[in-house]
Every structure is written in C-alpha cells, then in structure tokens.
Amino acid sequence: MTAPIRSFVVRIYRRHGRVGIDGVVEDVKTGRSKPFHSIAELWDALRGARRSPGRKDAPLPTPPAD
C-alpha cells in the first residue's frame, strides 16, 4: 500500500549579505510550521525527520467517554 500524498507550502527568504537560504515549511494538512536555515534542514523538515521544541502539533483526539 502506498503512503498518502502530503502537501507543503515552502517559503524561502533571501537575506542580503548572507550565503545560503532561510525559510519555513508548512504542512498543509496539520498547519505545523518548521523553520530551516540550510538545504539539509529543508530536507529534514519535508521528511519530518526531526521535531523541534517550537513546532506546533495538532491536538490529540479526545477519547470517548464511557
């Protein structure tokens, strides 16, 4: 079985006088955002390999009452 397709919004910001890239990756489904400051961090954000302390997580579902 194949994994579902995930959609992301990637915003890349150019900073004057700085080599490299900065930006934010947003998961469309969950609304989670993760900043990145290099190509490696961008790739990690897209793969979901790392979790940062400031990252927004979707709320956990509430278990049904018995």
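Just so it is clear, the structure is predicted and the values come from calculations on it, not from any experiment.

Novice: Would you mind showing me how to read the pattern of salt bridges here?
Specialist: Oppositely charged side chains can form a pair if their charged atoms are brought close together. In the structure shown here, the tally under the stated rule is three salt bridges. The salt bridge involving Arg11 is made with Glu26; its shortest N-O contact spans 3.5 Å. Remark: Glu26 occurs in strand 2 (residues 22-27) and Arg11 occurs in strand 1 (residues 8-13); sequence separation between them is 15 residues. Where Asp44 meets Arg47, a salt bridge forms, and the shortest distance between an N and an O atom there is 2.8 Å. One end of the pair is Asp44 and the other is Arg47, both in helix 1 (residues 39-47) and three residues apart, which spans about a single turn.

Novice: What's the story with the sheet that holds strand 2 in this structure? I'm lost.
Specialist: Pairing between sheet strands relies on hydrogen bonds along the backbone, with the strands arranged either parallel or antiparallel. Strand order in the open sheet formed by three strands is 1-2-3, with antiparallel pairing between adjacent strands. Where the open sheet ends on each side, the last strands, each with one partner, are strand 1 and strand 3 (33-36). Neighbour-to-neighbour, the strand axes of this sheet turn through a mean angle of 15°, independent of strand direction. Bridging between strand 2 and strand 3 involves four bridges; their strand directions are antiparallel. Looking across to strand 3, one finds that Val24 is bridged to Pro35. Lying over the sheet, helix 1 contacts strand 1, strand 2 and strand 3, oriented at roughly 165° with respect to strand 3.

What counts, and at which threshold
Residues numbered from 1 in each chain as written. Predicted model: local features only at pLDDT ≥ 70, side-chain atom pairs only at ≥ 80, totals over all residues. Heavy atoms only, no water. Salt bridge = Lys/Arg side-chain N within 4 Å of Asp/Glu carboxyl O. Helix = DSSP H or I, 4+ residues; strand = E, 2+ residues; numbered from the N terminus. Pairing = 2+ DSSP bridges. Axes fitted to C-alpha atoms, helices over the stretch in contact; angles between N-to-C directions. Contact = heavy atoms within 4.5 Å.

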